[in-house]
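One letter stands for each residue in the lines below.
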Amino acid sequence: MRKWLPLTAVCTLGLLALGAAAFGAFVLVELRGSRPMLDLSLFRSRTFVAVLAAGLLLSGAAFSYLMYVSLWLQSAEGMSPVGAGLVLVPLSAAAFLVSAVAGRLLHGAPARLTIGGGLLLIGVGALLQAWMLDAGDGWSALVPGLLITGAGVGTATPALAATAMGAVAPARAGMAGGALNTARQLGTALGIAVLGAVFHAGLRSGLGEAGRGLSEPLASGGAGQLLAAAPAGAAHETLAGLVDAAFASGLRDTFLASGVMGLAGALAVFLLIHRPAATPPATAGAVPPARTAGAPAPAPRQ
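What you are looking at is a predicted structure, and each value in this text was computed from that prediction instead of being measured.

Colleague: Where do I start with the pattern of salt bridges in this structure?
Modeller: Where charged atoms from two side chains of opposite charge approach closely, those side chains can pair. Within this structure, the stated rule accounts for two salt bridges. Across the pair D39 and R172 runs a salt bridge whose closest N-O atoms are separated by 3.4 Å. Taken together, the positions of D39 in the loop between α1 (7-32) and α2 (46-62) and R172 in the loop between α7 (143-166) and α8 (173-207) put the pair 133 residues apart, joining distant regions of the chain. By relative accessible area, which is 17% here, D39 ends up buried. Taking the relative accessible area as the measure of exposure, R172 reaches 29% and is therefore partly exposed. Note that D134 and R252 form a salt bridge whose closest N and O atoms lie 3.6 Å from each other. Here D134, found in the loop between α6 (111-132) and α7, pairs with R252, found in helix α11 (residues 234-272); they are 118 residues apart in sequence, far enough to count as distant.

Below, the structure is given as structure tokens:
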């Protein structure tokens, strides 16, 4: 008997096909148009490609997992929206302070170091959160990793726009800046989708056979309702242990995936953005600069 795909899978595949067709149509229009919205010849620059990849992966690695952290804090830890937001302040505070300092101290530093180094810190911060978080831990386990991630954001972000616009002709600078902003928004959207699948799979793995069927309620924010409905005593303690294990497993996998994205972005930047060319030393046979009008002629050699 023939098995048919479920309706949700058919809708998902149809939307993917529609998106691919729309992307193909956009590329054809941009290639044939006399005044393209995005000049595809810009992608011949390795630096421009690296900056777009860095912007996309920075947003995906540094920010996309925050919605799943917020889900854990509010549904499983019982925090209010304001309280959950305050837990994430170390990331934003570190990004703000480091960007201010980096603008002064790292002005003129090679973009491959500031952007690549920032992405490296973002990857390390996510991996540190994965290493420190365990079942039964609270929000404080995330603080060191959030600080390091925020430092990476503050290091990389200031140089992104300047490097993107500097990699193209001045007439295309606005187009390059718009492409970078689009890449960053796309990185957040794709990151939420990819990390959502990772998080859900981690929930199921943490629940095991004993908690089969609980992953959907937990992923949709129903942990508080499940715990409130459980009778007091051993049953409640067992359910609470399952919830803690599920969220720890899902968040660890999510942090690991975010860390890989950050490290991949750093690698792309280090490989694609060239080192600045060194100024060649003066040679004995070098031609002296032209003498300006009215300047005295050099004295003849004896």
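Resuming the write-up.
Colleague: I keep staring at the layout of surface pockets and nothing clicks. Help me out?
Modeller: With a probe scaled to a water molecule rolled over the atoms, the places where space remains empty come into view. A volume near 450 Å³ is recorded for the largest pocket. When contributions to the lining of the largest pocket are tallied by element, the ones reaching two or more residues are α1, α2 and α8. Looking at the lining of the largest pocket element by element, the count peaks at six residues for α8. Here the lining of the largest pocket is built from residues that sort into 15 nonpolar, two polar and no charged. Roughly 200 Å³ of volume is contained in the second largest pocket. In terms of lining residues, the second largest pocket is bounded by 13 residues, among which L106, H107, G108, P158 and A159 are the most central. If you tally residues by element for the lining of the second largest pocket, the top one is α7, at five residues.

Colleague: Teacher, can you tell me more about the side chain of S258 here?
Modeller: Mapped onto the elements, S258 comes out in helix α11. In contact with S258, not counting residues within four places along its chain, are A61, Y65, A126 and L195.

Colleague: Would you take a moment to explain the nonpolar core for this structure?
Modeller: In a soluble, globular protein the nonpolar side chains are often hidden away together inside. V69, W72 and F247 are the most contacted members of the largest nonpolar core, which has 65 residues in total. Per-element tally for this core: the top contributor is α11, with eleven residues. Setting aside residues up to four positions removed in sequence, F247 forms contacts with L71, W72, S75, A76, F199, L203, L218 and A223.

Colleague: It is not clear to me how the environment of A183 should be interpreted in this structure. Could you clarify?
Modeller: Here A183 lies in helix α8. Ignoring any residue separated from it by four or fewer positions in sequence, one finds A183 in contact with L52 and L56.

What counts and how
- Residues numbered from 1 in each chain as written.
- Predicted model: local features only at pLDDT ≥ 70, side-chain atom pairs only at ≥ 80, totals over all residues.
- Heavy atoms only, no water.
- Salt bridge = Lys/Arg side-chain N within 4 Å of Asp/Glu carboxyl O.
- Helix = DSSP H or I, 4+ residues; strand = E, 2+ residues; numbered from the N terminus.
- Buried < 20%, exposed > 50% of the residue type's maximum accessible area, 1.4 Å probe, protein only.
- 1 Å grid on protein atoms, 1.4 Å probe; cavity = no way out; pocket = protein on both sides within 12 Å on 5 of 7 lines; lining within 4 Å.
- Points joined across faces, edges and corners; volume = space filled by probe spheres on them.
- Nonpolar A, V, L, I, M, F, W, Y, C, P; charged D, E, K, R; others polar.
- Contact = heavy atoms within 4.5 Å.
- Core = buried A, V, L, I, M, F, W, Y, C linked by side-chain atoms within 4.5 Å.

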